[in-house]
Each structure stands twice: as C-alpha cells, then as structure tokens.
Amino acid sequence: MKLKLLVLFVMFVSVGFSQQLTSVIKGSVIDKTSQATLIGVNIVLVGSESLIGTTSDINGEFRLENVPTGRHTVRVSYLGYETREIPNLLVLSAKDLNVSIALSEKFNQLGEFVVRGEADKRENINKMNTVSSRTLSIDEATRFSGSLQDPARMSQNYAGVSGSSDDRNDVIIRGNSPTGVLWRLEGVDIPSPNHFSTIGTTGGPISMLNVNNLKNSEFMTSAWSAEYGNALSGVFDLQLREGNNDSYEHLFQVGVNGFELGSEGPFKKRGRASYMFNYRYSTLGIFQQIGVDLGTGSSIPEYQDITFKVNLPTKKMGTFSVFGIGGISFIDYELDTSNTNLFADENQEAQFRSQTGVLGVTHKYFFNSTLFSKLSIVATGTRSAGDLDSTGFERTKVSKVAVFDRVLSNYVVHFKLNKKINVRNNWNAGVIWRINTLDFVDSNKRQNEFIETLRFQGEASLGQAYFTWRHHFNEKLTANIGVQGQYFNLSKSTSLEPRLGLRYELNNKNKFTYGFGMHSQTQPISVYFVKDLENSGSSTPNKSLDFSRSIHNVIGYERNIGLNTRLKLETYFQYIYNVPVDTASNSFSMLNEGADFTLPNKTGLVNEGTGMNYGIEITFEKFLSKGYYFLVTTSIFDSKFKGSDGVERNTAFNNQYVFNALAGKEFELKKNVTLTFDGRMTYAGGKPFTPIDLDASNAQLSEVRDWNIAFSERYQGYFRLDFKVGMRWNQKNISHEFMLDIQNITNQKNIFIQGYQASSDQIKTNYQRGFFPVALYKLYF
C-alpha cells in the first residue's frame with residue numbers, strides 16, 4: 001500500500017513538472033501623455049513557437065491566451081507611435097498577468113524606433129519628472145534580497161538612499177531627515193503607512209503596504225515636478241492595482257511579515273468592474289518562540305492590516321474607484337537589562353499602540369481623447385497612544401510617569417486636469433486642499449502630579465495649487481516647467497516654488513539632464529502645539545513657525561550600454577534654510593529629527609537654521625535578461641547644518657558614503673519549476689552621534705549628552721550581507737513560491753545606539769539585528 005502511494009505521488013509530481021502549463025497576459029494600452037485608450041494596437045508574444053497575438057478593443061484592452069508559464073517578451077506596435085518591447089513578464093499558471101502599457105507618439109512619423117529593454121525603469125512613470133526619479137518595480141520588490149517586500153526598504157538599495165537601522169524603514173535621502181519624505185497613494189498625500197509609527201514621522205518597523213496589492217510606482221529623490229509639494233527630501237507616489245475583472249484569483253501567504261489572505265475578481269461575468277483585497281495578521285510571536293531574534297527582547301509586536309480597491313468603470317461617466325488601507329498595532333515593552341531589546345530601558349516599561357486608516361474615492365473622466373480630469377476625495381486617520389512606567393534607579397516600585405494620546409484626522413480633496421495639446425506640448429494643473437483635525441493630549445509626571453505638556457483640539461489647513469508644462473523643442477531637447485504654491489493657515493505662511501527640468505538626448509545611448517526646484521514643507525504637526533510650561537504655561541509659541549525651505553540643483557548623465565545595461569551619474573547641491581532652531585544659542589535643529597519614535601518637545605523655536613547637502617551618485621545596472629541581473633550603486637555625500645549658535649556640524653544622517661551591490665540568477669530546472677538566487681551587500685559610513693558626558697550622567701543617574709559637540713563622533717561603519725534562495729513551482733491552476741532570505745548572513749555586529757546604563761555607571765552599546773532568517777511561502781489559486 002505504501003509503495004502504491006509513493007508511486008502515485010511521484011507520478012503526480014512528474015506530471016506537474018513536465019506538463020506545459022499556460023495562462024493569460026491581459027491589460028490595456030494608453031497614450032502615455034493623454035492617458036486615453038488606444039484602439040487597434042497590435043500586441044504579439046515574441047519568440048513563441050506558434051503565433052500568439054491580438055489587438056486592443058474599443059476600451060483599449062487586450063488578452064493573449066495560451067501563454068506558456070515563465071518569462072516572456074511582448075511587442076506592442078501602433079501606427080504613429082513608437083513600437084515598444086516589454087521583457088521579463090512573469091507568467092504564472094494560477095494567475096492572469098495584468099499589464100498596463102503606455103505608448104509615446106512619434107515626432108517623426110516616417111522613422112521606426114523600437115523601445116527595447118526594461119523601459120519602464122529607464123523612463124519615469126510621471127513624464128513631468130526629469131531627474132532623480134526611479135520606477136519602483138513590484139517584480140524587484142519581491143526579488144531583491146533583504147527588502148522584506150517593503151517599498152521603503154527596497155528604495156534603500158538605490159543611489160542616494162540609506163536607512164536609519166535594520167529595525168525601522170525610515171528613508172534617508174542625500175543626508176536629509178526622513179521627515180522630509182512625502183507618501184502619496186492614488187494621487188493623494190497620506191500619513192506614514194507603517195505599523196508602530198508615531199504622528200509626524202514617516203517610517204516605522206513594519207510597513208502596512210503590501211506589494212501583492214501595488215502596481216509599478218514612482219520614487220523621487222530631488223527636484224520633482226510641481227505636482228508634488230510639502231516635502232523636502234523625497235516622494236513615494238504609489239498606485240494600487242485593479243483586481244482581475246475576468247476571473248477569480250486567491251492568495252495565501254505566510255512568513256515573518258504575517259499570515260495573509262487575498263482575493264480578487266469581477267463583480268459579474270463579462271463586466272469590467274472588479275475588486276481586490278488583502279488581509280494580514282502578525283506571525284512574529286511564532287517566530288520568536290522558535291528562537292528568531294526580532295530585536296524586541298521578550299516583547300512581541302502584534303499587528304494586523306487590510307488593503308482593498310474596488311474599480312468601477314462606466315460607459316459614459318468615467319471610472320470610479322474606492323480604496324483603502326488600515327492597520328492596528330500594539331506592543332508592551334517590559335523592563336530590559338539585556339541588549340536584546342533595542343527599544344526598551346532597564347528602568348522603564350512602556351505600552352504603545354497605533355492605528356492608521358485611509359479611505360478614498362476617485363473619479364477619472366475623459367472629456368475627449370486629449371483632456372481628462374481626476375477628482376480624489378480621501379479621509380485619513382492616525383492615532384498614537386501609550387504610557388510609560390518607571391521603577392526609578394532602585395527598581396522597587398513601578399509608577400506611571402507619562403501618558404500620551406494623539407489623534408490626527410486629515411480630509412483631502414485633489415482635483416487635477418491633464419491636457420495633451422499635440423505631440424510637442426502637454427500640461428497638467430491641479431488644486432489640493434487638506435484639513436487637519438487634531439486632538440492631542442500629553443501628560444508628564446512632575447513632583448507627584450501629572451501636568452499637561454501638550455493639549456490641542458482644533459484644525460489646521462494646507463492649500464496647494466500647481467501647474468506644469470512639458471514642451472519638446474525637438475526629438476533631442478525636452479523641458480518641464482512648473483510652479484507650485486502653498487498656504488498654511490495656522491501660521492499664515494505662503495510659498496511660491498518654481499520647478500525646471502531639462503533633458504537632452506544626444507543619441508539613443510547618451511542623455512544629459514538638469515533639474516532645479518524650490519521646495520517647502522510644514523513642520524511635523526505636533527511641533528506647532530507644544531506648550532511653553534516654563535513661561536506662560538498654556539501658550540503655544542511654535543504656532544507661528546514658517547515652512548522649512550530648500551533649493552535643489554541636480555545634473556545628470558545616463559549612458560545605455562546595450563539593450564539591458566545602463567550607467568547613470570548624478571551630482572547635486574541642496575541648500576536648506578528657514579529651519580526651526582532654538583532661540584537660545586545651541587546646536588538644536590529640526591534637520592536632525594525624525595528617525596525614531598519621537599519628535600522634539602521644545603518651544604520657542606524660530607526659522608533661522610540652515611543646512612546643505614551635496615554629493616555624487618553612480619548607478620551601474622543590468623536589468624533582468626538571460627536569467628540574471630545586477631545593480632551597483634555608490635553614493636558619496638556630505639550633509640551639514642547650523643543651529644542657532646552658528647556652528648557648522650554634521651547632521652545626524654551624514655554617513656558620507658553608501659555602497660550597495662545586488663545580483664541574482666534564475667535557473668529553469670523543469671518546464672514549470674524555477675530556482676532563484678539573490679544576494680545583496682551594503683557598506684556604509686558610520687552614523688554621527690553626540691557623545692555622552694559620563695560624569696554628568698553618573699551625577700544625575702540619567703543620560704546626559706554633550707550637545708556642545710553634537711554629532712562630532714561616529715559609530716563604526718555599517719556592513720551587511722544578505723542571501724536569498726527561492727523556488728517557483730507552477731501546477732495546473734495552482735502556483736507555489738518558496739523563499740528563504742537570510743539577512744546579515746555573517747552575523748555582523750552593527751551598532752544601533754550607545755546609551756547610559758545607570759545600574760553600572762557605564763555606557764551600554766546596543767547592536768542591531770544579527771543573523772536573521774526570513775522564510776516565506778506564497779500560494780496562488
């Protein structure tokens with residue numbers, strides 16, 4: 001009997017390995033500038049044994065049937081437009097592949113030019129961006145080792161970008177604070193999309209964004225177009241994908257990030273409307289039980305989140321969509337005398353909980369084939385709450401010393417018009433109005449009674465308007481010109497920000513770019529409402545703070561080496577001014593805040609600080625072809641600031657250099673089985689820090705840092721090596737993916753932070769995560 005069962009199992013597996021499985025490539029084709037659908041476009045599968053091709057229908061949609069599983073190239077051609085080839089489309093047996101294709105109209109109708117290679121990554125999704133922009137490829141997000149399928153961590157592989165630590169996904173761009181990053185989803189600004197995030201920060205330990213629900217998006221690091229405002233260092237412009245409107249598909253996934261269940265499909269057969277949702281629940285407790293070091297000691301982070309999108313096209317009224325993301329998280333930090341909890345203290349216990357939600361409606365309407373509008377109405381809500389208990393130095397009795405509860409609600413309306421005048425000219429314009437509703441209460445224990453250090457209930461509004469114009473002087477020279485204006489009602493602050501981008505294509509291999517932009521940003525919202533307890537007791541003098549402002553200049557050169565390899569260089573200079581600093585003469589500056597869970601609780605700030613960042617970045621990249629890829633990035637930079645004392649110092653984020661090297665290879669073992677190997681190495685300069693005054697700390701039995709020599713010392717350099725092995729296995733109507741991503745495979749001891757330990761009167765060093773295996777299994781059915 002056992003022998004029969006074994007024979008049946010072998011036969012089952014053999015059939016699954018040898019049978020030629022097929023699936024579907026479907027999608028839509030649009031004009032890249034006007035975004036109008038194109039009818040009658042020819043779409044052909046390249047290299048297939050028998051001809052597999054089709055044309056787009058009246059809605060611009062197409063469907064290629066009976067496509068063998070594996071990676072393929074699709075050729076797209078249309079009269080009057082540049083022919084395009086899209087390589088490395090990954091076809092799975094249990095999931096239709098949905099592809100959005102944008103074609104560019106030709107200048108010379110007589111010429112024939114084929115856009116080959118992974119053009120989506122060479123060219124910006126938003127054509128109004130000229131420099132320092134990169135496509136966030138979902139294929140790369142799942143492929144890159146060490147990224148945890150997190151868009152923020154994935155971006156840290158790119159030139160000019162680094163992270164604050166292994167345990168948070170803060171994005172540090174060209175030496176700027178992560179508070180300068182703007183997150184945008186479906187065209188609307190959103191709060192930090194991370195679990196355990198606090199109001200005003202932009203990063204966190206675990207992302208709520210799920211790459212299973214995103215489509216290719218855009219990441220910008222400098223001199224972005226006038227469409228984006230209220231940011232100083234970078235922009236994530238993310239898009240949720242639509243669900244399959246032809247058939248039902250489901251997902252089950254389990255790994256360190258959690259248990260996940262997903263589903264998508266049509267509301268009715270032969271309809272165009274669809275839904276997509278995904279739910280995730282934390283599994284970190286399980287992994288901690290089997291000995292995986294999470295960096296939280298005995299504390300177990302708990303979280304869950306959901307993402308959804310409903311797409312509702314109509315015949316005459318345009319396309320409506322409803323989307324949302326939401327997440328809740330909780331952790332209880334216990335007393336910790338070891339070095340295994342990076343966030344706890346030997347004399348304190350803490351409880352922290354956070355909730356974040358985004359709910360939006362969009363409407364896209366085409367007046368004709370050259371003009372469309374998009375209206376987005378979104379409500380977001382964030383709550384950060386917790387309390388802090390202290391045992392004191394003797395650690396004999398636990399008493400509550402601090403409580404906070406902060407709620408921030410945002411209501412945002414964004415209306416945009418996009419007009420294609422002709423092949424040489426197009427423009428877009430829009431207005432954004434955001435209303436912030438706040439309810440903040442912070443209390444600290446002083447002399448055996450709790451005193452409110454922050455309380456505010458009210459509103460603050462930010463208005464924005466922008467206009468951008470793109471003009472092709474000829475086939476070689478293109479200009480993007482724009483302006484954004486902002487008004488912040490709380491401080492009556494205004495800004496007018498011109499933007500300019502120039503691109504000169506010497507030939508098909510060489511391109512030069514230049515970008516200029518003035519950018520401004522409000523302060524983290526909680527900073528405006530800190531009470532002045534020392535003087536007036538209830539006043540909030542920070543409410544008059546102006547925008548922080550920055551001027552960006554970028555010069556770039558790009559050379560294409562063959563069809564799939566490129567070399568890219570950029571050099572930049574950023575001057576930052578109007579930065580909040582202290583009225584007293586010292587080293588404090590808002591440029592050094594935002595890479596942890598707290599923001600400064602200071603009053604009496606004035607917009608008199610400055611800073612500057614300058615550097616050079618090199619990217620050498622081979623896109624996936626012939627089964628392998630590599631990406632090498634080098635960033636050399638300097639980041640300085642001046643506080644109210646006028647002394648120039650390193651910023652907290654001035655690592656000075658970052659080097660990344662990634663590579664991967666795919667091997668097709670059988671017809672339906674693929675083995676993948678991916679590796680990543682990161683080497684970066686040490687993080688600047690302010691030294692601890694040990695004598696003063698011993699006298700006060702609490703940490704005292706010498707801010708007169710702020711950020712004058714450095715931790716040792718950062719090094720990490722990751723390696724990932726994976727397997728894809730297609731069966732009829734079922735696809736499996738297995739992955740083991742071993743992070744910090746050498747168990748390198750990278751310093752997280754040094755702090756004062758009162759029990760030993762010594763400086764304690766906490767190290768970042770060591771050897772960290774990440775396993776994942778994904779099932780499509």
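How each quantity is defined
- Residues numbered from 1 in each chain as written.
- Predicted model: local features only at pLDDT ≥ 70, side-chain atom pairs only at ≥ 80, totals over all residues.
- Heavy atoms only, no water.
- Helix = DSSP H or I, 4+ residues; strand = E, 2+ residues; numbered from the N terminus.
- Rg over C-alpha atoms; globule rule 2.2 N^0.38 Å.
- Buried < 20%, exposed > 50% of the residue type's maximum accessible area, 1.4 Å probe, protein only.
- Contact = heavy atoms within 4.5 Å.
- Areas by Shrake-Rupley, 256 points an atom, 1.4 Å probe, with all protein chains shown as cover.
- Lys, Arg positive; Asp, Glu negative; His and termini not counted.
- Charge placed at Lys NZ, Arg CZ, Asp CG, Glu CD.
- Pairing = 2+ DSSP bridges.
- Axes fitted to C-alpha atoms, helices over the stretch in contact; angles between N-to-C directions.
- Patch = residues over 30% accessible without salt bridge, like charges linked within 9 Å, V, L, I, M, F, W, Y side chains within 5 Å.
- Salt bridge = Lys/Arg side-chain N within 4 Å of Asp/Glu carboxyl O.

1. Some points on the overall build of the chain
(1) Moving on: When helices and strands are counted, the chain shows six helices and 44 strands.
(2) Moving on: At 27 Å, the chain has a C-alpha radius of gyration in line with the 28 Å of a compact globule built from 781 residues.
(3) Moving on: Taking the principal axes of the C-alpha coordinates as reference, the chain spans close to 80 × 75 × 45 Å.
(4) Moving on: Here the chain holds 781 residues, and 56% of them are scored as buried.
(5) Moving on: Within the chain, residue pairs in contact and separated by at least 24 positions form 65% of the contacts whose partners lie at least 6 positions apart.
(6) Moving on: Total accessible area computed for the chain in this model is approximately 32,100 Å², and 58% of it derives from carbon and sulfur atoms.
(7) Moving on: Counting 80 positive and 76 negative side-chain charges, the chain places the averaged centre of each group 9 Å from the other.

2. Overview of the sheet that holds strand 1 (residues 22-31)
(1) Moving on: An order of 4-1-7 is seen for the three strands of this open sheet, with the pairing classed as mixed. Each having just a single partner strand, strand 4 (61-68) and strand 7 (97-103) make up the two edges of the open sheet. Each adjacent strand pair in this sheet contributes to an overall mean axis angle of 25°, direction not counted.
(2) Moving on: Bridge analysis of strand 1 against strand 7 gives seven bridges, and the strand direction is parallel. By the bridge assignment for strand 7, Ser28 is matched with Ser100.

3. Overview of a nonpolar patch on the surface
(1) Moving on: Taken together, the side chains of Phe467, Trp469, Ile481, Val483, Leu496, Leu500 and Leu502 present a nonpolar region at the surface, about 570 Å² in accessible area.
(2) Moving on: Of all the secondary-structure elements, those providing two or more residues to the nonpolar patch are strand 27 (449-472), strand 28 (477-488) and strand 29 (493-505).
(3) Moving on: Residue position: Phe467 is located in strand 27.

4. Section: the pairing of strand 18 (residues 249-255)
(1) Moving on: Side chains Glu249, Leu251, Gln253 and Gly255 project from strand 18 onto a buried face, and the interleaved His250, Phe252 and Val254 project onto a face without burial.
(2) Moving on: The antiparallel pairing of strand 18 with strand 19 (residues 258-266) creates a hairpin that spans two residues between the two strands.
(3) Moving on: Pairing of strand 18 with strand 44 (residues 772-780) involves five bridges; the strand directions are antiparallel. Across the sheet, residue Leu251 finds its bridge partner in strand 44, namely Tyr780.

5. Observations concerning the environment of Ile555
(1) Moving on: When you line up the elements, Ile555 lands in strand 31 (residues 548-561).
(2) Moving on: Put simply, Ile555 and Ile421 are 134 residues apart on the chain and 29 Å apart in space, counted from C-alpha to C-alpha.

Coordinates in, geometry out; function isn't part of it.
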